[in-house]
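Listed here are the chains, written in short residue letters.
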Amino acid sequence: MKKTVLSILTALTALSVTAQYSKHIIRLTDKNGTSYSFNNPSAFLSAKAIERRTRFNISLDSTDLPVTAAYLDSIRLAGNVTILNKSKWLNQVLIQTTDAAALAKIQSFPFVKSSGPVANRPFVPVNKFNEQIIESPQLPFQFQDVKGNYFDYGNSSGQVTIHEGEFLHNNGYRGEGMTIAVLDAGFQRYLNLAAFDSVRSNNQILGTWDFVRNETSVNEDHPHGMWCFSIIAANRPGIMVGTAPKAKFYLFRTEDAATEYPIEEQNWIAAAETADSLGVDLITSSLGYYVFDDPSFNHTYADMNGKTTMITIAADLAVKKGMIVTNSAGNEGSGAWKYIIAPADGDSVFTVGAVDVNGQVAAFSSYGPSSDGRVKPNVSSVGWRTYFTNTAGNTVQGNGTSFSNPNLAGLITCLWQAFPDFRNMEILDAIQKSSSKYTAPDDRMGYGIPNMKAAYDILFAEKQRRDASRILGADWIKAYPVPFPDKFTVLLKGRLNGKVNLQLIDGSGRSIALKSIETQTGNFYIISFDQLNTLPSGTYMLKYTDGKNKRTVRVVK
């Protein structure tokens, strides 16, 4: 009798919920019975994704395995049910159904942990994408480019040079070999606009997918993603050049601009997992969530703790898989909410606030910290009067952290291109250390405005240290190459704080060259002995002295 009553109540509840909502997330208990194996990752990851995990020693775990196919079959066959997408990271499935009996049956499956609605109901939509667009003439330039730069940035000069981004571009780091996934509300007219002629003709767009409509095309939807994409990928010398114009791209629509429901968080998660499986290097997302069309779904500031909202949990997982995730801080700085919004609260999400080209904080840029007290935003970039491409193909200006985020994301991509053997968080740590407020971060700009040349120098010095450590092994001095042609290099790990002499002596004891340097204990030094082409072939001795230690190293020409 009790079981019958419970069954009736469950069915009535499902009927009530289904009458209001047609889309639900089904959370699963496990991945038992999966046909996939860690021994064959190529069945669920691309070669590039596997290479990234191998290079950075990232172990596969249960979150990498796809959702159990038998569970999906049971859900699909429960009644009038359509599976829209799924998340292997969170082990959940997004379904669409108005079949109350089917929903009740799904909820009764032993492998179902819970279920909950995520859309739709006829509420008045919240105000989304509130960036202010400032129409301006399409001039040849607004900022005077420095002569000798590889790119003639035109209007976008100020938003690149505030970070010394031209240093990376001038030194050959423009995004080649790197892949960016842009997650947004659509990329209207990207197939037709001159700003994207270069990426189209060079086949730099590797793929597209609309996770809202489950179709390939993203060209006819909202322009917000196209605006952001242009800040990274545009290549119109003298008018506008983006921050990583030579990268490759996936364009994913996850956002329905007409409404705001948690389903969009699930779409974002599905897109991020797709990006991971494809071997994407960086995800850039100018999206954020805290209020919904149905207030019962609303997040609170307490939820901005890096571990509560499903999109933030997934964004941090994306970083654990080896990618970089950059996200806009939000445009709530002047509003009642004021603070960052999910997934900008993620511990490993690189959150970008907004300034102008002079470094002045934009009033609209969302405040930090996260609700558990971490520094947010991480850094800031130009999101106030930022240049981008509109749907008419003109270069215009706009305000919003939606623009500061892609501006910096492109430069981060170029920096990582320069140091591909460094882990994602090592790249981001160098960027934070290069920033203008690193020693005194605040809740408006975070660690401040990054400097790409300074970040490059930080990483280059660390690369030299690692290379030196690898070459030396357990030793502390080594000369190479042996034999040498007209010069050789000495690699030295400091033995003390003070002066060191290195003297090159021939077989008769005659001094050929002398070098003196100041060293510090534990630091690495590279000393070159060059212009030795006139020396006869033979064996020479390199004598090291520092007042306390002595060592002789044989070198051969």
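Reading guide: rules and limits
- Residues numbered from 1 in each chain as written.
- Predicted model: local features only at pLDDT ≥ 70, side-chain atom pairs only at ≥ 80, totals over all residues.
- Heavy atoms only, no water.
- Helix = DSSP H or I, 4+ residues; strand = E, 2+ residues; numbered from the N terminus.
- Buried < 20%, exposed > 50% of the residue type's maximum accessible area, 1.4 Å probe, protein only.
- Contact = heavy atoms within 4.5 Å.
- Areas by Shrake-Rupley, 256 points an atom, 1.4 Å probe, with all protein chains shown as cover.
- Lys, Arg positive; Asp, Glu negative; His and termini not counted.
- Charge placed at Lys NZ, Arg CZ, Asp CG, Glu CD.
- Pairing = 2+ DSSP bridges.
- Expected span 1.5 Å × (residues − 1).
- Polar contact = N/O pair within 3.5 Å; in protein donor to acceptor, adjacent residues only side chain to side chain.
- Salt bridge = Lys/Arg side-chain N within 4 Å of Asp/Glu carboxyl O.
- Axes fitted to C-alpha atoms, helices over the stretch in contact; angles between N-to-C directions.
- Phe/Tyr/Trp six-rings, centres within 6.5 Å; stacked < 30°, edge-to-face > 60°.
- Lys NZ or Arg CZ within 6 Å of the ring centre and 35° of its normal.
- pLDDT = per-residue confidence, 0-100.
- Core = buried A, V, L, I, M, F, W, Y, C linked by side-chain atoms within 4.5 Å.

A. Just the overall build of the chain, in detail. The secondary structure content of the chain amounts to 13 helices and 23 strands. Taken along the three principal axes of its C-alpha coordinates, the chain extends 105 × 60 × 45 Å. Expressed as a percentage of its 557 residues, the buried residues of the chain come to 56%. In the chain, the proportion of contacts linking residues at least 24 apart, taken out of those at least 6 apart, comes to 73%. Approximately 22,800 Å² of the chain is accessible, and the part contributed by carbon and sulfur atoms is 51%. Of note, the chain has its 54 positive side-chain charges centred 8 Å away from the centre of its 50 negative side-chain charges.

B. Structural context of the pairing of strand S22 (residues 539–545). Going residue by residue along S22, you find Tyr540, Leu542 and Tyr544 tucked away on one face and Thr539, Met541, Lys543 and Thr545 left uncovered on the opposite face. Of the strand pairs in this sheet, strand S19 (residues 498–505) and S22 are connected by five bridges, and their pairing is antiparallel. Bridge pairing links leucine 502 to tyrosine 544 in S22. By the bridge criterion, seven bridges tie S22 to strand S23 (residues 550–556) in an arrangement that is antiparallel.

C. Region of interest: helix H11 (residues 401–418). Between its first and last C-alpha atoms H11 spans 26 Å; for 18 residues at 1.5 Å apiece the expected length is 26 Å, and the two agree. Burial analysis of H11 places 18 of its 18 residues in the buried class, which makes it a mostly covered element.

D. View of the side chain of glutamine 397. Structurally, glutamine 397 is set in strand S16 (residues 395–399). A distance of 3.5 Å separates a polar atom in the side chain of glutamine 397 from a polar atom in the side chain of tyrosine 387.

E. Geometry of the pattern of salt bridges. In this structure the tally under the stated criterion is 24 salt bridges. For aspartate 276, the salt bridge identified is with arginine 53, shortest N-O distance 2.9 Å. Note that aspartate 276 is positioned in helix H9 (residues 263–278) and arginine 53 in helix H2 (residues 47–55), a separation of 223 residues in sequence. The same class applies to aspartate 276 and to arginine 53, which are both buried. Ionic pairing is found between aspartate 506 and arginine 510, a salt bridge with its closest N-O pair at 3.1 Å. Within this structure, Arg52, Arg53, Asp61, Asp64, Asp276 and Lys321 form a network of salt bridges that share partners.

F. Just the sheet that holds strand S6 (residues 179–184), in detail. Strand order in the open sheet formed by seven strands is S7-S10-S6-S11-S12-S13-S14, with parallel pairing between adjacent strands. Of all strands in the sheet, those bounded by a partner on one side alone are strand S7 (205–210) and strand S14 (379–382). Neighbour-to-neighbour, the strand axes of the sheet open up by a mean angle of 25°, direction not taken into account. As defined by bridge partners, S6 adjoins strand S11 (residues 282–285) across four bridges and the pair is classed as parallel. Note on S11: the bridge partner recorded for leucine 183 is serine 285. Across the sheet, H9 is in contact with S6, strand S10 (248–253), S11 and strand S12 (324–328); its angle to S10 comes to roughly 155°. H11 contacts S6, S11, S12, strand S13 (350–355) and S14 of the sheet and is inclined by roughly 125° relative to S13.

G. Representation of the packing of aromatic side chains. Throughout the structure, instances matching the rule amount to 29 aromatic pairs. For the pair phenylalanine 211 and phenylalanine 252, a centre-to-centre distance of 5.5 Å together with 90° between the ring planes defines the contact as edge-to-face. Pair noted here: phenylalanine 211 is in the loop between S7 and helix H8 (224–233) and phenylalanine 252 is in strand S10, with a separation of 41 residues, a long-range link. For the pair phenylalanine 211 and phenylalanine 252, one class covers both residues: buried. Here phenylalanine 488 and phenylalanine 529 contribute two aromatic rings whose centre-to-centre distance is 5.1 Å and whose plane-to-plane angle is 10°, an arrangement assigned as stacked. Linking phenylalanine 488 in strand S18 (residues 488–493) with phenylalanine 529 in strand S21 (residues 524–529), this pair joins segments that are 41 residues apart in sequence. Using a relative accessible area of 1% as the deciding quantity, one classes phenylalanine 529 as buried. Aromatic ring contacts, followed pair by pair, group Phe167, Tyr173, Phe419, Phe422, Tyr456 and Phe460 into a single cluster. The ring of tyrosine 150 carries arginine 174 above its face, with NZ or CZ at 3.3 Å from the centroid.

H. Region of the structure containing the confidence of the model for the chain. On average, residues of the chain carry a pLDDT of 92, and 92% of them reach 70 or more. For residues 1–17, every residue scores under 50 in pLDDT, and the model assigns this stretch 10 contacts once sequence neighbours within four places are set aside. Long-range and interchain partners of residues 137–145, a stretch whose pLDDT sits below 50, account for 30 contacts in this model, where long-range means more than four residues apart.

I. Quick look at the sheet that holds strand S4 (residues 112–119). Taking strand neighbours across the sheet as the criterion, the four strands line up as S2-S3-S1-S4 in an open arrangement whose pairing is antiparallel. Lying at the two open borders of the sheet, with one neighbouring strand each, are strand S2 (82–87) and S4. Recorded for the sheet is a direction-independent mean angle of 25° between the axes of neighbouring strands. When strand S1 (residues 23–28) meets S4, the two strands line up antiparallel, connected through six bridges. Counterpart to arginine 27 in the pairing with S4 is serine 114.

J. Fine view of the nonpolar core. Formed by 55 residues in total, the largest nonpolar core has its most connected members in Phe229, Phe249, Ile412, Leu415, Ile427 and Ile431. Of all the secondary-structure elements, those providing two or more residues to this core are helix H6 (165–170), S6, H8, S10, S13, H11, helix H12 (424–433) and helix H13 (452–472). Counting 43 residues, the second-largest nonpolar core is a separate cluster that includes Tyr250, Tyr289, Ile311 and Ala314.

K. Region of interest: H13. Compared with an ideal rise of 1.5 Å per residue, which puts 21 residues at 30 Å, H13 spans 30 Å between its outermost C-alpha atoms and is within 8% of the ideal. Within the sequence span of H13, burial applies to Met452, Ala455, Tyr456, Leu459, Ala468 and Leu472. Contacts made by the buried residues of H13 are with H6, H11, H12, strand S17 (477–480), S18 and S21. One side-chain oxygen of the residue at the start of H13 lies 3.1 Å from the amide nitrogen of lysine 453, identifying that residue as asparagine 451.

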